[in-house]
Amino acid sequence: MCDLHNKNEPSTKQLLDGLPKNWGKWGPDDEVGALNYLTEAEVLRGVASVRQGKTFTLQVQIGHPGGDPMWPARNPSMRFNTLDHSHYHFGKQPEMTGGAAYCDDVIFMQLQGSTQYDALGHAWYDNQLWNGYDAMSTVGGMAKASVLAIAERGVVGRAVLIDMARHRGKKYLGRGETFNHLDLLAAAKAQGVTIEKRDILIIRTGSMGAFYEYGKTEFFKDLVEPGLTYSRELVEWFHAMEIPNLVTDTIANEVITDPVSGVQIPLHCALMRNLGIAFTEIVLLEDLAADCADDGQWKFLYTAAPLKIVGGSGAPVNPVVIK
């Protein structure tokens, strides 16, 4: 997805030339990148932001009757019963001694088919992943920079929610509507909160709310997601702020095609591949954002532990926020 599309567009390598990298910062074998910023002190800073004891879970439902919000090229989840009352009713399954019974099921799904963490090696260019690992290490399963490293570590720290849709007086941002780090700072100021160094950055565009309101067919018709757009200044800001984790309610965390250069997923490459920033996507923020707007508390403790998928390029997660 980061390849050159025509001779008038720069390559991703050309676009990002000279911008900072965190390769080697945490050693040659590192696979969690900027999550290393979340030290014990940062965890305690997150705990200190808890004021009310309110909890919110941020995962979208898997197998929702209206469909699953995910990249359209991916297949929706499929859940099947392997054992239920019908098996007992028709004599296909013996009851347990004492008369107890139980049911079982299985699910087939894309690992990035729900609220999910990307592995740091999920996106790359120039045949190198995060920390300089060879892209051949992805063949047959990710041998380096897989989601397993993030899952084994877990993610805990202080987070700040920036509600771009509410800041712009909208229920949802429009198709292809963009914003940058200066817009984030302006929204934070309007909310009365400060984005601090090493904060987990959560951004609401309203996209998941729009998905459930409009329905799958309408939502995906001529889909151009709103989101962050690339600039060298934005990348420098993320680097200087030591942001460990970018969390949004969109499928890609950025506008897929940069409207200026025409390069696709430049922030996956500049932030994830080069700086090691963890990407969390498809997060449901409607209830949390409404509560924050009501009580004025936009900072809180964020915790997340994606599934421990060996060799996975991503994994489902149900983040829990505590205010």
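Residues numbered from 1 in each chain as written. Predicted model: local features only at pLDDT ≥ 70, side-chain atom pairs only at ≥ 80, totals over all residues. Heavy atoms only, no water.

A. Seen up close, the pattern of salt bridges. All chains considered together, the criterion is met by 20 salt bridges. Between R45 and D199 there is a salt bridge, with its nearest N and O atoms 3.0 Å apart. Of this pair, R45 sits in helix 2 (residues 40–48) while D199 is found in the loop between helix 6 (181–191) and strand 7 (200–204), placing the two residues 154 residues apart along the sequence. Measuring nitrogen to oxygen at the nearest pair gives 3.1 Å for the salt bridge that ties K54 to D295. Taken as a pair, K54 in the loop between helix 2 and strand 1 (55–57) and D295 in helix 11 (residues 286–295) lie far apart in primary sequence, 241 residues in all. With a relative accessible area of 26%, K54 lands in the partly exposed category. (Salt bridge = Lys/Arg side-chain N within 4 Å of Asp/Glu carboxyl O. Helix = DSSP H or I, 4+ residues; strand = E, 2+ residues; numbered from the N terminus. Buried < 20%, exposed > 50% of the residue type's maximum accessible area, 1.4 Å probe, protein only.)

B. Looking closely at the layout of surface pockets. Roughly 190 Å³ of volume is contained in the second largest pocket. Taken together, 14 residues make up the lining of the second largest pocket; nearest its centre are L173, R175, A210, Y214 and F219. The greatest single-element share of the lining of the second largest pocket, amounting to three residues, is contributed by helix 7 (residues 207–214). Split into classes, the residues belonging to the lining of the second largest pocket amount to eight nonpolar, four polar and two charged. (1 Å grid on protein atoms, 1.4 Å probe; cavity = no way out; pocket = protein on both sides within 12 Å on 5 of 7 lines; lining within 4 Å. Points joined across faces, edges and corners; volume = space filled by probe spheres on them. Nonpolar A, V, L, I, M, F, W, Y, C, P; charged D, E, K, R; others polar.)

C. Local environment of the side chain of S77. Tracing the sequence through the fold places S77 in the loop between strand 1 and strand 2 (78–83). A polar atom in the side chain of S77 sits 2.7 Å from the side chain of D68. Ignoring sequence-local partners within four residues, the contact set of S77 consists of I62, G63, D68, M70, I107, F108 and M109. (Polar contact = N/O pair within 3.5 Å; in protein donor to acceptor, adjacent residues only side chain to side chain. Contact = heavy atoms within 4.5 Å.)

D. Summary view of the environment of F300. Here F300 shows up in strand 11 (residues 299–304). The exposure class assigned to F300 is buried, which follows from its relative accessible area of 0%. With residues up to four places along the chain from it excluded, the contact list for F300 reads G46, S49, G157, R158, A159, L161, I202, L288, C292, V321, I322 and K323.

E. View of unusual backbone geometry. Even without being a glycine, N131 presents a positive backbone phi close to 65°. By the secondary structure assignment, N131 is in the loop between strand 4 (116–118) and helix 4 (147–153). On the basis of relative accessibility, which here comes to 11%, the residue N131 falls in the buried class. In this model, I265 sits at a positive phi of 40°, which is unusual for a non-glycine residue.

F. View of the confidence of the model for the protein chain. Taken as a whole, the protein chain shows an average pLDDT of 94; of its residues, 98% reach a score of 70 or greater. This stretch, residues 1–5, has a pLDDT under 50; its non-local contacts, to residues over four places away or in other chains, come to twelve contacts. (pLDDT = per-residue confidence, 0-100.)

G. Quick look at the sheet that holds strand 9 (residues 245–248). Read from one edge to the other, the open sheet built from nine strands follows the order 1-13-11-5-7-9-10-4-12, with strand pairing classed as mixed. Here the strands that pair on one side only, and so sit at the sheet edges, are strand 1 and strand 12 (314–316). Averaged over neighbouring strand pairs, the angle between their axes works out to 25° when direction is ignored. With three bridges connecting them, strand 1 and strand 13 (residues 320–322) associate as antiparallel partners. (Pairing = 2+ DSSP bridges. Axes fitted to C-alpha atoms, helices over the stretch in contact; angles between N-to-C directions.)

H. Expanded view of helix 11. Buried within helix 11 are the following residues: L288, A289, D291 and C292. Along the axis of helix 11, the buried residues cluster in a sector spanning 165°; they form a single face. Among the exposed residues of helix 11, those oriented more than 90 degrees off its buried face are D287 and D294. Those residues of helix 11 hidden inside the fold are in contact with strand 1, strand 5 (155–163), helix 5 (164–167), strand 7, strand 11 and strand 13. At the C-terminal side of helix 11, G296 shows a positive phi close to 75°. (Arc of directions from axis to C-beta.)

I. How the structure looks around the packing of helix 9 (residues 232–241) against helix 10 (residues 266–273). Helix 10 packs onto helix 9 with a crossing angle of 25° between their chain directions and a minimal axis gap of 10 Å. In terms of orientation, helix 9 lies roughly parallel with respect to helix 10. In the crossing of helix 9 with helix 10, the sense of the turn from one axis to the other is right-handed. In this structure, helix 9 contributes L234, V235 and F238 to the contact, and helix 10 contributes L267, A270 and L271. Split by residue class, the contact of helix 9 with helix 10 holds six nonpolar, no polar and no charged. (Parallel < 35°, antiparallel > 145°, perpendicular 65-115°, else oblique. Left-handed = near helix turned anticlockwise from the far one by under 90°.)

J. Fine view of the nonpolar core. Membership of the largest hydrophobic core comes to 72 residues, with the highest contact counts inside it found for I162, L184, L201, F238 and Y302. Y172, M208, F211 and I251 belong to the second largest nonpolar core, which has nine residues in total. (Core = buried A, V, L, I, M, F, W, Y, C linked by side-chain atoms within 4.5 Å.)

K. Fine view of a nonpolar patch on the surface. Together, M78, F80, V106 and F108 line one region of the surface with nonpolar side chains, adding up to about 370 Å² of accessible area. Listing elements by their share of the nonpolar patch, those giving two or more residues are strand 2 and strand 3 (104–108). On the secondary structure map, M78 appears in strand 2. The partly exposed category is assigned to M78, whose relative accessible area is 42%. (Patch = residues over 30% accessible without salt bridge, like charges linked within 9 Å, V, L, I, M, F, W, Y side chains within 5 Å. Areas by Shrake-Rupley, 256 points an atom, 1.4 Å probe, with all protein chains shown as cover.)

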